[in-house]
Amino acid sequence: MVQIFIAFMVVALAMPVVMKWLGREGFFVASIVPLVGLIWTIAQGPRVLAGDYPVQTVTWVAELGLAGDFRLDTLSWIMSLLVNGVGALVLIYSARYFSRKASGLGRFAGFFVAFAGAMFGLVTTDNTLIMYIMWELTTVFSFLLIGHYRGRRASRRAAMEAIIVTTAGGLAMLGGIILLGELPGGSYSLTELVQAGADGTLLEGARASVGTGYVATAVVLVLLGALSKSAIFPFHFWLPAAMAAPTPTSAYLHAAAMVKAGVYLVARMAPGFADQTVWTWVILPAGLFTMIISGYRALRQNDTKLILAYGTVSQLGFMMVLVGYGTAEMALAGLAVLTAHALFKSCLFLCVGIVDMSTGTRDLRELSGVGRRRPFLAVAAGIAVLSMAGIPPFAGYVGKEAALHALTHGSTQDMVVAWVIVVGSVLTLAYGLRFWWGCFWDKPGVEPIELKNKSRIILTPPVLLAIASLALGLVPSWWEGLLKGHANLNPGEPGHLTLWAGFGLPVIMTGLIIAGGIILFVIRKPFERFQRRVAVPFSAEGGYRRTIVGLENLAGDITGRTQSGSQPMYLTITLIVMAAAGSTALIFGGTSIAADYRWYDTVAQVPVVIIASIAAVLAARARRRLKAVLLLSLSGYCVALIYELHGAPDLALTQVLVETITLVVFVLVLRRLPAYFSNRPMATSRWFRASLGVVVGVCVAGFAFFAANARQHRPISSDFASEAYDFGYGQNVVNVTLVDIRAWDTMGEISVLVACAIGVASLLFIRDRKARTDPLRNIARPGMHDRVWRVKETDDHTKVLDEQNLKYVQDHQVREPGRNKLWLPAANTLAAARRSVIFEVGTRLVYHTMLIGSLFLLFSGHNLPGGGFAGGLLAGIALTLRYLAGGRYELGAAIPMHPGVLMGGGLMVATTAALFPILLGGSALQTAAFEFTLPVFGDVKFATAMVFDVGVYLVVVGLVLEILRSMGAEIDRHGEIEGLDDDGMSVPTPQSDRRKEAVTKRDAMEGLK
């Protein structure tokens, strides 16, 4: 089961490439995975029917007892057959539904296959938390599939409705799952949870601890998730809106897969919870009302796809009542209707897609003569309509008849439910006949519409589904044998599926359904006029829209009042809350702590702390931005010295490198800001800020002091040294902690670094709403820019100006003596005022040494101070020197590569190192050591964590390069465009140099005067 799920996801990732190569024929490739899943599921049939359910467990977080449990019982088996079988047919259908020139097919195919995989995982998992993850995956992928036509407003709005409604229900369901899982006697295993509910263990545990209302609350929360997913009132409005999606999406998600998830969950939990009063009061009214109101609304639609959409909602209400009723007879009928519905409704959606593709319209008022020219299509749709309406001998009739038979021999409540089902079935037959008449009948006064795009391949899936609807109806006893394994888990007498159960009230009800449906179809025009005159004054969709608008207005009002745009105000509020909350907890917490402290470890720490404190105070008082940054960096370097004096050279090294890179970033950004801070606040405000700073500083120091003294147990870090060597095979405990002991933290940190770098770069590089950028900007080789940046955007004058610049640059090149070699290839693009021969020569001399040093830190960091992070920072500082000495084009000379390639490659290397041990039977991020001898190096001990560290190294180098490219080179480019040559930031030109010489002479003459 897990392997099939992984196969779905792998193929989903590959589909964009496959579709690019094969076009729409790639859908045939996509259908292979669900076909394989279907074959595997069929092969498991004998075991499942014998009660020997296949089980598979994948350890997730063993320390927390979290595991991915998968179980294929009768209900999961039936749902897997539908998910895989219908999914394969819809993908084959898609190969001819979409035109060869359609855009976004790779995206659609990938999302479709991923959705099918998530749905397969949802119905096979036995863990409620894993089920929730799969539940939300189907929500996300359905959002993407419904909104496939991104340029259409209706598609975007429908996708937003679907994800908002189903996600809200999913969050409520998660709350219920956690409540049931944490309850005494509860479980996160679906099988154990249902069993605990059935035998009373769950209620006993709740009664002894928190009360029985706890279980009722949890059940209601779970049902909210099921109702929202299956579009049951009051959440029924999102599914008709979702018809803006492509027809294959509707045929799969809204007929056989996604909307069945809620019905599946109710069927799964009914054996354990259907006897609760709250269960009955939620399921029966919501399901029955949904069946009636949606069937009524289906009769007024003219879009054939919308008729099916409202019909689907009506049928979902019917199914919800059946599977949630809580008896074996009704459960069997519910599973039969669930299976039949997946067949006939997906068939009908596919038929609508063919009609729409062949005629260009779905309006039943414009369609005429289609059935005469597409007889096989008309027959397949007719069979599906009759099955949907519950007409013998089709599959839908068998399920409906079993339900009526179960209800007509029970209580008054059963009879009421039965007659409501009869009314709903009358509406179903009426709108089913209206749909078939609208699609295929010859209408008087309407010209036969021209047909096109005839294809046998696209006709095959609906025909097969129609045949299946007929075949299951003809063999009800065999069909019953497939379903009764789950149905009999419910209490009560076992039910039966049959075409003829003898004459009785169910037969009379079926006759009334047929007669009533035909009559309602015949009087459809007066009934339509009645519907138009009697308008409902309210709707669930209108309530949803008013709620969304109200929330948006409320959010806007709150944001307008609280987000004033003043960063000092935000910081003040944050610091006050932090200090007040923490101090209150310390003062009134009632915790007694022994005050164990010492002022310093060595006397040398005292002057360092004094210097750091003085620098911090001066930084706060500084008016010049650059002065404040330098003083702040001085405090940072003092902290590094404290680390060194405390005996932590690795931390000191990392702190120095981080402080250096931070200083560079600050200076780069400060170039575009005023030299002085903005107007200083009033004296009262300054005293308030100073007092707040002192208070916060004291509080933070107090928090650290009390936290250190509150420890009662031996710290876990005391074992790090031995664990680092025994399991991480390294003597540098800091680096081994980063790449082995707490490597998952490091994985998350480098991912955040990459995301932040992309975000920062996008602020500077993306200049329009289409997010278009120049991928080679600031990373192209200097040779590509011999004619340096154009000062003006005019044709003839620019050409002359470029030639003058080229001659000027060639006359001012700094070359290595005796070899006629440039010290720095791009330095010639700098203005003379920005160039330093000493800096260029020095950079050239130390650059490669720094790179070698960074590699030394990388490869020696497992046992000596260093590591991938420190090595990457040192390499980044080397790149910074190249940039500062040679200008923005020097980045391309140093590393002619996009920073995203380095960062992405680093993430790929780190992820590979994390997952590769699993293939060898180990656990994620498990480290192994290899010892061997090399000719020059001698004995070598290699730990596989080094590979992970290489990924960290590449990410950090790419991060620094991205910072230099965006905050450095891109800001330089903006300055060039703005003509800031007086500050030495623009491209050198003879004109600009002559202008500067004139200014210099003028200043000299004024000085003589």
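Keep in mind the model is a prediction, meaning the values are calculated, not measured.

1. Things to note about the overall build of the chain
- Assigned secondary structure in the chain consists of 41 helices and six strands.
- The proportion of buried residues among the 1009 residues of the chain is 49%.
- Long-range contacts, defined here as pairs at least 24 residues apart, represent 77% of the contacts in the chain between residues at least 6 apart.

2. Quick word on the packing of aromatic side chains
- All told, the structure shown has 18 aromatic pairs when counted by the stated rule.
- Seen in terms of ring centroids, Phe 27 and Phe 98 are 5.7 Å apart; in terms of plane orientation they differ by 15 degrees. Their pairing is stacked. On the criterion of sequence distance, the pair formed by Phe 27 in helix H2 (residues 26-30) and Phe 98 in the loop between helix H5 (74-97) and helix H6 (105-124) is long-range, its members being 71 residues apart. In terms of burial, Phe 27 and Phe 98 fall into one category: buried.
- Ring centres of Tyr 93 and Tyr 97 lie 5.7 Å apart, and the angle between their planes is 20 degrees; on these two criteria the pair is classed as stacked. Of this pair, Tyr 93 and Tyr 97 both sit in helix H5, four residues apart, roughly one helical turn.
- Take Tyr 93: its relative accessible area is 0%, and that puts it in the buried class.

3. Some words on the pattern of salt bridges
- What the rule picks out here adds up to 18 salt bridges.
- For Arg 47, the salt bridge goes to Asp 52, with nearest N and O atoms at 3.3 Å.
- Judged by relative accessible area, which is 37%, Arg 47 ranks as partly exposed.
- The partner of Arg 714 in a salt bridge is Asp 719, and the shortest N-O contact between them spans 2.5 Å.
- By sharing partners, the salt bridges in this structure join Glu 25, Arg 96 and Arg 100 into a single network.

4. Quick look at the environment of His 409
- Positionally, His 409 belongs in the loop between helix H20 (395-407) and helix H21 (412-440).
- Judged by its relative accessible area of 58%, His 409 is exposed.
- C-alpha of His 409 to C-alpha of Pro 506: the two residues are 97 residues apart in sequence and 9.9 Å apart in space.

5. A few points about the packing of helix H16 (residues 304-324) against helix H17 (residues 328-359)
- The contact between H16 and H17 brings their axes to 9 Å, and the two run at 170 degrees. On the basis of their axis angle, the class for H16 and H17 is roughly antiparallel.
- The residue inventory of the contact of H16 with H17, partitioned by class, reads 16 nonpolar, six polar and two charged.

6. Looking at a positive patch on the surface
- A contiguous patch of positive charge on the surface is contributed by Arg 300, Lys 525, Arg 529, Arg 532 and Arg 533.
- Mapping Arg 532 onto the fold places it in helix H25 (residues 524-533).

7. A closer look at H16
- If you check H16, its first and last C-alpha atoms are 30 Å apart, about what 21 residues at 1.5 Å a residue would give, namely 30 Å.
- Sitting at the amino-terminal end of H16 is Asp 303, which places a side-chain oxygen 2.9 Å from the backbone nitrogen of Lys 305.
- Following H16 by one or two positions, Gly 326 adopts a phi angle in the positive range, close to 95 degrees.

8. So, the confidence of the model for the chain
- Confidence along the chain averages 84 in pLDDT terms, with 89% of residues attaining 70 or more.
- Confidence, expressed as mean pLDDT per element, reaches its minimum in the chain at helix H35 (residues 795-811) with 43 and its maximum at helix H3 (residues 32-43) with 94.
- Within the model, the stretch residues 768-772 combines pLDDT values under 50 with four contacts to residues more than four positions away or in other chains.
- Per-residue pLDDT stays below 50 along residues 782-816; that stretch engages in 55 contacts with residues further than four places along the chain or on separate chains.

9. Quick look at a nonpolar patch on the surface
- A cluster of nonpolar side chains, Tyr 597, Trp 599, Tyr 600, Val 603, Val 606, Ile 610, Ile 614 and Leu 618, forms an exposed patch at the surface whose accessible area comes to about 880 Å².
- Mapped onto the secondary structure, Trp 599 falls in the loop between helix H27 (567-588) and helix H28 (605-621).

10. Regarding the side chain of His 236
- Structurally, the position occupied by His 236 is in the loop between helix H11 (213-229) and helix H12 (238-241).
- Judged by relative accessible area, which is 8%, His 236 ranks as buried.
- In contact with His 236, not counting residues within four places along its chain, are Ala 231, Ser 294, Val 313 and Ala 540.

11. Here we look at unusual backbone geometry
- Following Phe 233, the chain continues into Pro 234 via a peptide bond in cis, with omega recorded as 10 degrees.
- Along the chain, Pro 234 turns up in the loop between H11 and H12.
- Pro 392 connects to Pro 393 through a cis peptide bond whose omega is 10 degrees.
- Phi at Ala 231 is positive, roughly 55 degrees, even though this residue is not glycine.
- Tracing the chain through its elements places Ala 231 in the loop between H11 and H12.

12. Comments concerning the nonpolar core
- In this structure, Trp 238, Tyr 252 and Trp 279 are the most contacted members of the largest nonpolar core, which totals 190 residues.
- Here this core takes 21 residues from H17, the largest share from any one element.
- With near-sequence residues (within four places) excluded, Tyr 252 lies in contact with Val 83, Val 86, Gly 87, Val 90, Phe 112, Phe 115, Ala 116, Ala 257 and Met 258.
- Membership of the second largest hydrophobic core comes to 47 residues, among which are Val 664, Met 850, Leu 925 and Phe 948.

13. A look at the state of the cysteines
- This model, assessed by the stated rule, comprises zero disulfides.
- Left unpaired, Cys 439 is separated from the closest cysteine sulfur, that of Cys 351, by 8.2 Å.
- With relative accessibility at 1%, the residue Cys 439 sits in the buried group.

14. Re the side chain of Thr 166
- Looking at where Thr 166 falls in the secondary structure, it is placed in helix H8 (residues 153-182).
- Polar contacts involving the side chain of Thr 166 include one to the main-chain carbonyl oxygen of Ala 162, which spans 2.5 Å.
- Contact partners of Thr 166, with chain neighbours within four places excluded, come to Glu 136, Thr 139, Ser 228, Lys 229, Trp 238 and Met 258.

15. Re the environment of Trp 77
- Tracing the backbone through its elements, the reader meets Trp 77 in helix H5.
- Exposure remark for Trp 77: the relative accessible area of 6% places this residue in the buried category.
- On a C-alpha basis, the gap between Trp 77 and Thr 41 in space is 6.8 Å, while along the polypeptide they are 36 residues apart.
- In this structure Trp 77 touches Thr 41, Ile 42, Gln 44, Gly 45, Val 48, Leu 49, Leu 72 and Leu 482, once residues within four positions along its chain are discounted.

16. Section: the packing of H6 against helix H14 (residues 260-273)
- Their axes nearest at 11 Å, the elements H6 and H14 cross at an angle of 10 degrees. On the basis of the axis angle, H6 is roughly parallel to H14. Between H6, through Met 119, Leu 122 and Val 123, and H14, the contact on the second element is made entirely by Ala 261, Tyr 264 and Arg 268.
- Broken down by class, the residue content of the contact of H6 with H14 amounts to five nonpolar, no polar and one charged.

17. What to know about the pairing of strand S5 (residues 929-934)
- Relative to strand S6 (residues 938-943), S5 runs antiparallel, the two sharing six bridges. If you follow Ala 929 over to S6, its bridge partner there is Ala 943.
- Two successive antiparallel strands, S5 and S6, enclose a turn made up of three residues.

18. Topic: the environment of Leu 459
- As for its placement among the helices and strands, Leu 459 is situated in helix H22 (residues 456-474).
- Residue Leu 459 is classed as partly exposed on the basis of its relative accessible area of 23%.
- Residues within four places of Leu 459 in sequence aside, it is in contact with Ile 354, Phe 376 and Leu 377.

Quick notes on the rules
Residues numbered from 1 in each chain as written. Predicted model: local features only at pLDDT ≥ 70, side-chain atom pairs only at ≥ 80, totals over all residues. Heavy atoms only, no water. Helix = DSSP H or I, 4+ residues; strand = E, 2+ residues; numbered from the N terminus. Buried < 20%, exposed > 50% of the residue type's maximum accessible area, 1.4 Å probe, protein only. Contact = heavy atoms within 4.5 Å. Phe/Tyr/Trp six-rings, centres within 6.5 Å; stacked < 30°, edge-to-face > 60°. Salt bridge = Lys/Arg side-chain N within 4 Å of Asp/Glu carboxyl O. Axes fitted to C-alpha atoms, helices over the stretch in contact; angles between N-to-C directions. Parallel < 35°, antiparallel > 145°, perpendicular 65-115°, else oblique. Nonpolar A, V, L, I, M, F, W, Y, C, P; charged D, E, K, R; others polar. Patch = residues over 30% accessible without salt bridge, like charges linked within 9 Å, V, L, I, M, F, W, Y side chains within 5 Å. Areas by Shrake-Rupley, 256 points an atom, 1.4 Å probe, with all protein chains shown as cover. Lys, Arg positive; Asp, Glu negative; His and termini not counted. Charge placed at Lys NZ, Arg CZ, Asp CG, Glu CD. Expected span 1.5 Å × (residues − 1). Polar contact = N/O pair within 3.5 Å; in protein donor to acceptor, adjacent residues only side chain to side chain. pLDDT = per-residue confidence, 0-100. Core = buried A, V, L, I, M, F, W, Y, C linked by side-chain atoms within 4.5 Å. Disulfide = S-S within 2.5 Å. Pairing = 2+ DSSP bridges.

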